[in-house]
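Summary of structural features
Take a look at the letters that make up each chain.
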Amino acid sequence: MFRDIIGNKWIIGGVAFLILFSVACVLWYRYDTAPDRKAAADAEKLLRQWEAKKAELDDKTEQVADAPAENTTPTGAEPIKTESLQIGDVVDGRIYLGAEPPSPELLAQFGVRPPTQDEIISPYGFGPYPELPDGFGAITWPRKSADSELRIRVKIKLLKQGVPVEGSVMENGLVYPIIKGVRYVIWGESDGKQYLRKSLGHPDDGDYMRAIIKEKNARDESITAADFPGIKLVPFEEGGIDPYTFLDLPK
C-alpha cells in the first residue's frame, strides 16, 4: 500500500504543492510585510523619543512662558492677563477666584472644595506655598518641577522686597531675575576688540542693545559698557541667585 501511495503521481504532486505553498507563504510574510513591520518599529521608536523630548521640554516651556528673557530662542504662549478677569470667570476650564487665597465662603459660593493639605504643601519638600503679592496674577500649584517652584518662590520674595522682577530664568542651579534695565553679560575679546559673548535679560533691553551693537560692528569698534546708557550690566557669575540660600531652604 505504501508503495502504491508513493507511486501515485497525484498524491506526490499534492504533497509537493503543499510544501511549495507553505514556503511561498513564509517568504511572502517575511518580504511583503517587512515594510509594515519596519514602519511599526520606527513609529514606536519615534513615540519613545517624543515622550522623552516632551518630558525634557516641559520645564523649559514653563520657564520661557514665565520669563520674558530675550537670550533664549524658544517662545511660550502669552500668559493670561489677569488684570481684566473678574472673580468667577472661567479660564482654561478653571474658575478664577482672584490672586489672593480665596476664603472658604468664596469657595463654597462657586462650589469649589477647599484645598487639601497636599494641595497647600509643596511636594518637593519646600513647605507651605508662599502668599502671593498684590498683582501677581493667577498661578497653579504645584508646579511641574522643583526648579519651576524655586523660580516662582524667588520671584515672589523679590517682589515683596520691592524688586520689580518680571520673570526669571534658571541656569546651572542659579535663578536670574528678569528686571527691565538689568542685563547679565559675559564679555569676550577678539582681535584686540571687546564684544558681548552672552547677554540675558529683558527683551526690550535686548532690542535696544542689539541696535547699538550693530552700529558699533559696522564701524569695527570695540563694545564697552559705556555704549549702553541706562542699562546695568551685571557679570553673569555675579547675577545668579542660589534659591536654597535666598529662600532659606534645605537642599
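Higher on the page you've got the structure.
Everything numeric here is computed off the predicted structure, so don't read it as measured data.

**Notes on the overall build of the protein**
Across its full length, the protein carries nine helices and seven strands. For the protein, the proportion of contacts with a sequence separation of at least 24, taken over those separated by at least 6, is 49%. Accessible surface computed for the protein: about 16900 Å², of which carbon and sulfur atoms make up 58%.

**Digging into the packing of aromatic side chains**
Two measures describe an aromatic ring pair: the distance that separates the ring centres and the angle between the ring planes. Counted by the stated rule, this structure contains five aromatic pairs. A centroid spacing of 6.3 Å and a plane angle of 40° characterise the contact between tyrosine 124 and phenylalanine 126, whose relative ring orientation is tilted. Overall, the relative accessible area of 30% leaves tyrosine 124 in the partly exposed class. Taking the relative accessible area as the measure of exposure, phenylalanine 126 reaches 7% and is therefore buried. Judged by centre distance (4.6 Å) and plane angle (35°), the rings of tyrosine 176 and phenylalanine 236 are tilted. Of this pair, tyrosine 176 sits in strand 4 (residues 174–179) while phenylalanine 236 sits in helix 8 (residues 236–239), and the two are 60 residues apart along the sequence. As far as the burial class goes, tyrosine 176 and phenylalanine 236 line up, both buried.

**With respect to helix 7 (residues 203–218)**
End to end, helix 7 covers 23 Å across 16 residues, agreeing with the expected 22 Å (1.5 Å per residue, within 8%). Those residues of helix 7 that fall on the buried side of the exposure criterion are Asp205, Gly206, Met209, Ile212 and Lys216. The arc enclosing the buried residues of helix 7, seen along the axis, measures out at 135°, which places them on a common side. Among the exposed residues of helix 7, those oriented more than 90 degrees off its buried face are Lys214 and Ala218. Buried residues along helix 7 sit in contact with strand 4, strand 5 (182–190), strand 6 (193–201) and strand 7 (232–235). Just downstream of helix 7 lies aspartate 220, where phi reads positive at about 55°.

**Points about the sheet that holds strand 6**
Ordered in space as 6-5-7, the three strands form an open sheet in which the pairing is mixed. Only two strands of the sheet have a single neighbouring strand rather than two, namely strand 6 and strand 7. Averaged over all pairs of adjacent strands, the angle between strand axes in this sheet comes to 50°, irrespective of strand direction. Sheet topology note: the strand 5/strand 6 ladder contains eight bridges and is antiparallel. Opposite tyrosine 184, over in strand 6, you have leucine 200 as the bridge partner.

**Details of the pairing of strand 5**
Two strands pair when backbone bridges link them, and strand 5 and strand 7 are joined in this way by four bridges, in the parallel orientation. Bridge pairing in strand 7 places valine 182 opposite lysine 232.

**Looking at the nonpolar core**
In terms of nonpolar packing, the biggest core is built from 18 residues, with Leu150, Val154, Leu158, Tyr184, Phe246 and Leu247 touching the most fellow members. Contributing elements (two or more residues each) for this core: helix 6 (146–160), strand 3 (165–171), strand 4, strand 5 and helix 9 (243–247). With residues up to four places along the chain from it excluded, the contact list for tyrosine 184 reads Tyr176, Pro177, Lys198, Ser199, Leu200, Val234, Phe236 and Gly239. Core analysis: the next-biggest nonpolar cluster, separate from the first, contains eight residues, Leu196, Met209, Ile212 and Leu233 among them.

**So, helix 6**
The end-to-end C-alpha distance of helix 6, which contains 15 residues, comes to 21 Å, matching closely the 21 Å that a straight helix rising 1.5 Å per residue would cover. For helix 6, the complete set of buried residues consists of Ser148, Glu149, Leu150, Arg151, Ile152, Arg153, Val154, Lys155, Ile156 and Leu158. With its phi angle positive at about 90°, glycine 162 sits one or two positions after the end of helix 6.

**Brief notes about unusual backbone geometry**
For the bond from tryptophan 141 to proline 142, the omega torsion is -10°, close enough to zero to count as cis. Within the element layout of this structure, proline 142 appears in the loop between helix 5 (117–120) and helix 6. At aspartate 248, a position not held by glycine, the phi torsion is positive, near 60°. Within the secondary structure, aspartate 248 is located in the segment after helix 9.

**Focus on the side chain of aspartate 227**
Summarising the element assignment, aspartate 227 is placed in the loop between helix 7 and strand 7. For aspartate 227, the side chain forms a polar contact with the main-chain nitrogen of threonine 224, separated by 2.8 Å. Beyond its immediate stretch of four places on either side in the chain, aspartate 227 contacts Ile212, Lys216 and Ser222.

Parameters at a glance
Residues numbered from 1 in each chain as written. Predicted model: local features only at pLDDT ≥ 70, side-chain atom pairs only at ≥ 80, totals over all residues. Heavy atoms only, no water. Helix = DSSP H or I, 4+ residues; strand = E, 2+ residues; numbered from the N terminus. Contact = heavy atoms within 4.5 Å. Areas by Shrake-Rupley, 256 points an atom, 1.4 Å probe, with all protein chains shown as cover. Phe/Tyr/Trp six-rings, centres within 6.5 Å; stacked < 30°, edge-to-face > 60°. Buried < 20%, exposed > 50% of the residue type's maximum accessible area, 1.4 Å probe, protein only. Expected span 1.5 Å × (residues − 1). Arc of directions from axis to C-beta. Pairing = 2+ DSSP bridges. Axes fitted to C-alpha atoms, helices over the stretch in contact; angles between N-to-C directions. Core = buried A, V, L, I, M, F, W, Y, C linked by side-chain atoms within 4.5 Å. Polar contact = N/O pair within 3.5 Å; in protein donor to acceptor, adjacent residues only side chain to side chain.

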